[in-house]
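Here's the letter readout for the chains.
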Amino acid sequence: MTQYTIALLEGDGIGPEIAREAVKVFKLVEERNDVAFDLRPAPFGAQAYFDCGHPFPDETKAICDAADAIIKGPIGLSHEESKKIPVDMQPERGALLPLRRRYNTFANFRPVSLPRALAHFSPLKPEIIGDGIDLVMVRELVGGLYFGEKEVGVNEAGLRYVKEVLEYDEEQIRRVLHEALQLSMRRKKVLHNIHKSNVLKSSVLWNEVLEEVAQEYPEVEIRHILVDAAATLLCLNPGQFDVMVMENMFGDILSDQGGGILGSLGLMPSACKGPDKSYYEPSHGSAPDIAGQNIANPYSMIGSVAMMLEDSFGMAQESKNVWAAMQSVFGAGFSTPDLSKPGSGVKMINTDEFGDRVVEALAGMPKAG
Ligand code: IPM
Ligand code: MG
């Protein structure tokens, strides 16, 4: 039996309730496979600050260091609650970015997937959705503006100013491009390179490095698109994209648009890959307005489990089964109140019932050899 240790960071807001459903999936996967998961819960986020004095406490760091992989719920509180936390201790700056830096999770994979069973969630017209949307955004996650030097002050003219540095070296660019090109090789062998080289020197270097790296993948067709144009094309013709690669800030913005064309950020799980360890997280926030009401869909959290099974533990077939189980619940006409309005023709169920139905569907699937 293979044994894996998993750090479980439930996070804030709806985090704990969607994490509970993810745990149900881990438990069933254990039962169905020759594998054991040692789940180690640890505090992380705004609540961790209030309970432990730090949003990424030392005990959590130790648990994450010892884990084979990390699953993390959304973090953050309402605007009002956040104001009670000193700026540098707020969970984005005080926990999430340090987590990314600690494990050097340079490649962030954000699937934007709209199979037929989910098509009714999308705001796009059926003729634009066509056979469905199935693309992956690969976002550089530990460089660029997010991690560059920052300076604030008053300039010689007496005006408050700010300076934030967008910095990449060629190795940081190269390693994420390799990831995107390798993913393209496993998919349709088309890579959309998202850049802004008409203005930014960082994109000029990015594109130069891509030209070099792409020579190692002669089968992959590279298509270059400016980031602003890509935003438009994601709405007008998402079916043309398969793998898209981009720097950190572009990826933050475009991946939220990915959630928009699906109909909800609640449909966006993700994987953040580092050289030694990966962590997995929903791409959305902690939705404090609906927290504790048992109405948030756990898709992004369970999808993150599916990504972990495949990427960290090599359980590709069981991962596919988890995706299929979730789709079968939507396909049977069920939805949760955060995704669908009453009267929209869906059979409304709660967070825990959605999880139960996913588990039931998974239990009915053939086990992987
Ligand atoms: C994301 C989020 C984070 C980011 C925030 C919470 C710091 O928006 O993962 O996309 O900007 O990277
Ligand atoms: Mg974001």
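What you are looking at is a predicted structure, and each value in this text was computed from that prediction instead of being measured. (Residues numbered from 1 in each chain as written. Chains lettered and ligands numbered in written order. Predicted model: local features only at pLDDT ≥ 70, side-chain atom pairs only at ≥ 80, totals over all residues. Heavy atoms only, no water.)

1. A short note on the pairing of strand S1 (residues 2-9)
Then comes step 1: Most of S1 is tucked away: six of the eight residues are buried.
Then comes step 2: For the handedness criterion, the β-α-β arrangement of S1, helix H1 (residues 15-32) and strand S2 (residues 35-41) is classed as right-handed.
Then comes step 3: Judged from the four bridges that link them, S1 and strand S3 (residues 69-72) form a sheet pairing that is parallel. The residue of S3 that forms the bridge with Ala7 is Ile70. (Buried < 20%, exposed > 50% of the residue type's maximum accessible area, 1.4 Å probe, protein only. Helix = DSSP H or I, 4+ residues; strand = E, 2+ residues; numbered from the N terminus. Right-handed = clockwise from strand over helix to strand, strands pointing away. Pairing = 2+ DSSP bridges.)

2. As for the site of ligand 1
Then comes step 1: Near ligand 1 the following residues occur: Glu92, Leu96, Arg100, Arg110, Arg139, Tyr146 and Asp252.
Then comes step 2: Residue Arg139 places a side-chain N or O atom 2.8 Å away from an oxygen atom belonging to ligand 1.
Then comes step 3: When the free accessible area of ligand 1 is taken as 320 Å², the share hidden by the protein chains comes to 77%.
Then comes step 4: The element that contributes the greatest number of residues to the shell around ligand 1 is helix H5 (residues 91-102), accounting for three residues.
Then comes step 5: Here the residues of the shell around ligand 1 sort into two nonpolar, no polar and five charged.
Then comes step 6: Both domain 1 (1-105 + 274-369) and domain 2 (115-268) contribute no fewer than three residues apiece to the shell around ligand 1. (Near = heavy atom within 4 Å. Polar contact = N/O pair within 3.5 Å; in protein donor to acceptor, adjacent residues only side chain to side chain. Areas by Shrake-Rupley, 256 points an atom, 1.4 Å probe, with all protein chains shown as cover. Nonpolar A, V, L, I, M, F, W, Y, C, P; charged D, E, K, R; others polar. Domains from an automatic or database assignment.)

3. Structural notes on helix H3 (residues 58-66)
Then comes step 1: Regarding H3, the residues found buried are Thr60, Lys61 and Cys64. Taken around the axis of H3, the buried residues stretch over an arc of 100°, which confines them to a single face. Pointing more than 90 degrees away from the buried face of H3 are the exposed residues Asp58 and Ala66. (Arc of directions from axis to C-beta.)

4. Considerations on the pattern of salt bridges
Then comes step 1: For the coordinates displayed, the defined rule picks out 23 salt bridges.
Then comes step 2: Close ionic contact of Glu80 with Lys83 constitutes a salt bridge, the shortest N to O distance being 3.1 Å. Residue Glu80 shares its accessibility class with Lys83, and that shared class is exposed.
Then comes step 3: Across the pair Glu179 and Lys273 runs a salt bridge whose closest N-O atoms are separated by 3.2 Å. One end of the pair, Glu179, is in helix H7 (residues 170-186); the other, Lys273, is in strand S11 (residues 271-273), with 94 residues separating them in the sequence.
Then comes step 4: Lys273 gets classed as partly exposed once you look at its relative accessible area, which sits at 32%. (Salt bridge = Lys/Arg side-chain N within 4 Å of Asp/Glu carboxyl O.)

5. Overview of the domain arrangement of the protein chain
Then comes step 1: Looking at the protein chain, the domain boundaries give domain 1 (1-105 + 274-369) and domain 2 (115-268).
Then comes step 2: Relative placement of domain 1 and domain 2: their C-alpha centres are 24 Å apart.
Then comes step 3: Counting residues at the interface gives 19 residues for domain 1, matched by 17 residues for domain 2.
Then comes step 4: Both sides together, the interface formed by domain 1 and domain 2 hides about 1600 Å², and carbon and sulfur atoms give 67% of it.
Then comes step 5: Across the contact surface, domain 1 and domain 2 share zero salt bridges.
Then comes step 6: For the side of domain 1 that touches domain 2, the secondary structure elements donating two or more residues are H5, helix H11 (299-311) and helix H12 (316-331).
Then comes step 7: Tallied by class, the residues present in the side of domain 1 that touches domain 2 amount to seven nonpolar, nine polar and three charged. (Contact = heavy atoms within 4.5 Å. Buried area = accessible area lost by both parts, 1.4 Å probe.)

6. What to know about H1
Then comes step 1: For H1, which comprises 18 residues, the first-to-last C-alpha distance of 26 Å matches the rise-based estimate of 26 Å (1.5 Å per residue) to within 8%.
Then comes step 2: Contact partners of the buried residues in H1: S1, S2, S3, H11, H12 and helix H13 (351-363). (Expected span 1.5 Å × (residues − 1).)

7. Points about the packing of H1 against H11
Then comes step 1: H11 packs onto H1 with a crossing angle of 35° between their chain directions and a minimal axis gap of 8 Å. In this structure, the crossing between H1 and H11 has a hand that is right-handed. Contacts between H1 and H11 involve Ile18, Ala19, Glu21, Ala22, Val25, Phe26 and Val29 on the former and, on the latter, Ser300, Met301, Ile302, Val305, Met308 and Leu309.
Then comes step 2: Within the contact of H1 with H11, the residues separate by chemical class into 11 nonpolar, one polar and one charged. (Axes fitted to C-alpha atoms, helices over the stretch in contact; angles between N-to-C directions. Left-handed = near helix turned anticlockwise from the far one by under 90°.)

8. Side note on the sheet that holds S3
Then comes step 1: The strand order across the open sheet built from 10 strands is S2-S1-S3-S12-S11-S4-S5-S10-S8-S9, with neighbouring strands paired in mixed fashion. A single partner strand is all that each edge strand has here, and the edge strands are S2 and strand S9 (221-226). Taken over all neighbouring pairs, the strand axes of this sheet differ in orientation by 25° on average, direction set aside.
Then comes step 2: Judged from the eight bridges that link them, strand S4 (residues 107-114) and strand S5 (residues 133-140) form a sheet pairing that is antiparallel. Residue pairing in the sheet places Ser113 in a bridge with Asp134 of S5.
Then comes step 3: Here helix H9 (residues 227-236) sits on the sheet and contacts S5, strand S8 (190-195), S9 and strand S10 (243-246); the angle it forms with S9, its principal contact strand, is near 100°.
Then comes step 4: Where H11 meets the sheet, it contacts S1, S2, S3, S4, S11 and strand S12 (278-280), and its direction lies at approximately 170° from that of S3.

9. Observations regarding the nonpolar core
Then comes step 1: Residues Val25, Phe37, Val138, Met244, Leu254 and Phe313 are the most contacted members of the largest nonpolar core, which totals 93 residues.
Then comes step 2: The element best represented in this core is H11, accounting for eight residues.
Then comes step 3: Residues from two domains meet in this core; each of domain 1 (1-105 + 274-369) and domain 2 (115-268) gives at least three.
Then comes step 4: When sequence neighbours within four positions are dropped, the list of residues in contact with Phe37 reads Tyr4, Ile6, Phe26, Val29, Glu30, Leu309, Phe313 and Met315.
Then comes step 5: Ala7, Leu9, Ala95 and Leu99 belong to the second-largest nonpolar core, a separate cluster that totals 16 residues. (Core = buried A, V, L, I, M, F, W, Y, C linked by side-chain atoms within 4.5 Å.)

10. Focus: the side chain of Asn193
Then comes step 1: Positionally, Asn193 belongs in strand S8.
Then comes step 2: Polar side-chain contacts of Asn193 include one of 2.9 Å to the side chain of Asn207.
Then comes step 3: Among residues more than four places away in sequence, those in contact with Asn193 are Trp206, Asn207, Leu210, Ile222, Arg223, His224, Ile225 and Val245.

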